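# Reading the structure
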Amino acid sequence: MAYSEKVIDHYENPRNVGAMDKDDSGVGTGMVGAPACGDVMRLQIKVNEQGIIEDAKFKTYGCGSAIASSSLVTEWVKGKTLDEAMTIKNSHIAEELELPPVKIHCSVLAEDAIKAAVEDYRSKQGAGHSHAEVAAAQVAH
Amino acid sequence: MNQPQIIDLESKKPLLIDPDRPIYLDYQATTPVDPQVLEQMLPYLTHDFGNAASRSHAYGWTAEKAVEKARQQVADALHADPREIVWTSGATEATNLALKGAAHFYSGKGKHIITLRTEHKATLDTCRQLEREGFEVTYLEVQEDGLLDLKAFEAAIRPDTIIASVLFVNNEIGVIQPMEEIGRILRTHKVLFHVDAVQALGKIPVDVEAIQADMMSVSGHKIYGPKGIGALYVRRKPRVRVEAQVHGGGHERGMRSGTLPTHQIVGMGAAAELAVQLMDADAQRIGKLRDRLLKGIQDRVEETYINGSMEHRVPHNLNISFAFVEGESLIMALKEIAVSSGSACTSASLEPSYVLRALGKSDELAHSSIRFGIGRFTTEAEIDATIELIAGKVGKLRELSPLWEMHLEGIDLNSIQWAAH
Ligand SMILES: Cc1ncc(COP(=O)(O)O)c(C=O)c1O
């Protein structure tokens, strides 16, 4: 399998690897995928009082493209509001990393990880965001 | 003990030790031609280029003599008679000829064939084709260690069973089947016995009499001979018949037509002879390297799982799964060593190894397996560098792996409801 230079770069120098306290109310955690399918991504975001994602961390079990997709996403969500982060689409990720068709699922998973992390953060915050809104975001892909 | 080396005939420099190339640990996929073998092949490409089928002049006689010498060398390596050796383009063709040829010839006696789920594709795909032609094939399960259960094997034999095909040494996990017992059972039940001995020849003693094989496939490029040449042993006493699959000038007593590639045949003969000569010394040296590799990995890396029996296994093979890292990323991380993985990541299918699945391994462990094939030219320095690389890269990937983190926290991954996607 030939990888793009960007995938190799993220794979060899993954950005923002690590873990945050998942019980912290300011942290949203999204874990998507399954070991049997060959990829599990965990994306965590730290959201400040202004509703801005000020930090992001990931850990991924998966192929080079899965690692690169999640590494890229941690860079992209930082500094964004939750709503802005929710606009990141798998097609943007696939395009940026020049993923071949067989690896598109990695970018889909990365998009799902953002949604799951945001959803987790919002559900912890409780008020202000209905479940319907989250569900709508989930069916969007 | 002297380290065997591949030396370039012209420059006299070692050819395989090259810092710009990955360390070659894929000797079960193929081997380089031994320089001693190459030297014997070369004259037959130029000076002695005759066609072994030309009966009327010296060019043909020279080629024929070389072909017959090689036939004797391969026969000796298998403890067979030279008249029982049929040249083919490789073991894939030999296996096609054996299974299709015998199935077609004996179809009047029955239409049932037995083989194992862990066979090489050359056998499995030939059996699939025979199924399409109306034959019935039983693909037997193996035990967790890769070995055949002899009782289940015998129980699978039916009155209409005509052939059983068993892989002597498995190409992925190096496991050695109990061939003598299998041969005895099949002879009792008057079932023809085809053996894929591709990975056995040159590694362990191969004797068609001891195991009572009726047909046996071997290949040149797994024994430091050239690619594109192989042979099928076909027993004469009691006589076994195979229908030709390739028709033409009636070469090889009508069983396989086509002009014989003299240089390839000479290479296969020389390689077979050398493989038997060097077998004990190679196995001893390689066994030490394998043990060093295994110990090195186990000392440095936790949560590794050996695939296949260690007891009934050739020393040239080690197959290990690394838990909590994904197979494709592992292969990507190990680009400085040339190994095979149980994850068919080069194809779009993402199918894990069917051999490891047959041992009952999970998809994850099958995907994250690495086959180390150690060979005649492997050095201790290469093994030590490999241990270093494996320890470093597996460690790095585990740092990245949420599953490893959960494992360290004592979370049972099977207790989690993973969303299928
Ligand atoms: C066990 C086994 N059988 C058969 C084959 C096929 O041999 P060849 O490459 O000579 O067709 C191989 C090699 O891939 C093998 O390892």
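Refer to the preceding data block for the structure.
Below is a summary of the structure that appears in this document. Keep in mind that this is a model prediction, so the values were computed, not measured.

## Points about the overall build of chain B
What chain B contains, in helices and strands, is 12 helices and 13 strands. Taking 421 residues into account, the globule formula puts the C-alpha radius of gyration at 22 Å, and chain B, at 23 Å, falls close to it. The dimensions of chain B, computed from C-alpha atoms along their principal axes, are 80 × 60 × 35 Å. Sorting the 421 residues of chain B into buried and exposed places 56% on the buried side. In chain B, the share of contacts with a sequence separation of at least 24, taken over all contacts with a separation of at least 6, comes to 73%. A total of about 18,000 Å² of accessible surface is found on chain B, and carbon and sulfur atoms cover 51% of it. If the 45 positive side-chain charges of chain B are averaged to one point and the 56 negative ones to another, these points end up 6 Å apart.

## What to know about the site of the ligand
Residues and elements named next belong to chain B. Close to the ligand lie Gly90, Ala91, Thr92, His120, Leu167, Asn171, Asp196, Val198, Gln199, Ser219, His221 and Lys222. Interatomic distance of 2.8 Å between a backbone N/O atom of Ala91 and an oxygen atom of the ligand. Interatomic distance of 2.6 Å between a side-chain N/O atom of Ser219 and an oxygen atom of the ligand. The protein chains hide 85% of the 400 Å² of surface that the ligand would expose on its own. Looking at the shell around the ligand residue by residue, the classes come out as three nonpolar, seven polar and two charged.

## Thoughts on the nonpolar core
Core analysis: the biggest nonpolar cluster contains 64 residues, and Ile45(A), Val77(A), Phe322(B), Phe372(B) and Ile390(B) have the highest contact counts within it. Tallying contributions element by element places helix α5 (residues 104–125) of chain A first for this core, with nine residues. Discounting chain neighbours no more than four positions away, the residues touching Phe372(B) are Leu25(B), Gln28(B), Leu293(B), Ile297(B), His316(B), Asn317(B), Leu318(B), Ile337(B), Val339(B), Thr386(B) and Ile390(B). Ranked by size, the runner-up nonpolar core spans 63 residues in total, among them Leu147(B), Ala164(B), Ile182(B) and Ile185(B).

## Notes on the state of the cysteines
Structurally, a disulfide amounts to a covalent bond that connects the sulfur atoms of two cysteines. Residue and element names in this part refer to chain A. For the structure on display, the rule yields zero disulfides over all chains. Free of any disulfide, Cys37 has its nearest cysteine sulfur in Cys106, 12 Å distant. Since its relative accessible area comes to 35%, Cys37 is described here as partly exposed. With no disulfide of its own, Cys106 lies 3.6 Å from the sulfur of Cys63, the closest cysteine sulfur. Look at Cys106 and you get buried, because its relative accessible area is 0%.

## Comments concerning the pattern of salt bridges
Residues and elements named next belong to chain B. All told, the structure shown has 34 salt bridges over all chains when counted by the stated rule. Notably, a salt bridge pairs Asp160 with Arg158, separated by 2.9 Å at the nearest N-O pair. Among the residues examined, Asp160 registers a relative accessible area of 25% and is labelled partly exposed. Since its relative accessible area comes to 27%, Arg158 is described here as partly exposed. A salt bridge links Asp282 to Arg376, with the nearest nitrogen and oxygen atoms 3.0 Å apart.

## A look at the side chain of Ser4(A)
All names here are of chain A. Secondary-structure assignment places Ser4 in the segment before α1 (5–12). Assessed through its relative accessible area of 11%, Ser4 is described here as buried. Among residues more than four places away in sequence, those in contact with Ser4 are Leu97 and Glu98.

## Topic: the sheet that holds strand β9 (residues 304–306) of chain B
Residue and element names in this part refer to chain B. With respect to topology, four strands assemble into an open sheet ordered β9-β10-β13-β12, the strand pairing being antiparallel. Bordering the open sheet on either side are β9 and β12 (340–341), each of which pairs with just one other strand. Looking at chain direction, β9 and strand β10 (residues 317–322) are connected through three bridges and run antiparallel. Note that in β10 the partner of Ile306 across the bridge is Ile320. Sitting on the sheet, helix α7 (residues 262–300) touches β9, β10 and β13 (369–373), and the angle it makes with β10 is about 15°.

## Focus on the sheet that holds strand β1 (residues 27–34) of chain A
Residues and elements named next belong to chain A. Pairing is antiparallel across the open sheet formed by three strands, whose spatial order is β1-β2-β3. A single partner strand is all that each edge strand has here, and the edge strands are β1 and β3 (53–61). The mean inter-strand angle of the sheet, taken between neighbouring strand axes irrespective of direction, is 10°. Two elements, strand β2 (residues 39–47) and β3, share eight bridges in a ladder whose sense is antiparallel.

Thresholds, definitions, all that
- Residues numbered from 1 in each chain as written.
- Chains lettered and ligands numbered in written order.
- Predicted model: local features only at pLDDT ≥ 70, side-chain atom pairs only at ≥ 80, totals over all residues.
- Heavy atoms only, no water.
- Helix = DSSP H or I, 4+ residues; strand = E, 2+ residues; numbered from the N terminus.
- Rg over C-alpha atoms; globule rule 2.2 N^0.38 Å.
- Buried < 20%, exposed > 50% of the residue type's maximum accessible area, 1.4 Å probe, protein only.
- Contact = heavy atoms within 4.5 Å.
- Areas by Shrake-Rupley, 256 points an atom, 1.4 Å probe, with all protein chains shown as cover.
- Lys, Arg positive; Asp, Glu negative; His and termini not counted.
- Charge placed at Lys NZ, Arg CZ, Asp CG, Glu CD.
- Near = heavy atom within 4 Å.
- Polar contact = N/O pair within 3.5 Å; in protein donor to acceptor, adjacent residues only side chain to side chain.
- Nonpolar A, V, L, I, M, F, W, Y, C, P; charged D, E, K, R; others polar.
- Core = buried A, V, L, I, M, F, W, Y, C linked by side-chain atoms within 4.5 Å.
- Disulfide = S-S within 2.5 Å.
- Salt bridge = Lys/Arg side-chain N within 4 Å of Asp/Glu carboxyl O.
- Pairing = 2+ DSSP bridges.
- Axes fitted to C-alpha atoms, helices over the stretch in contact; angles between N-to-C directions.

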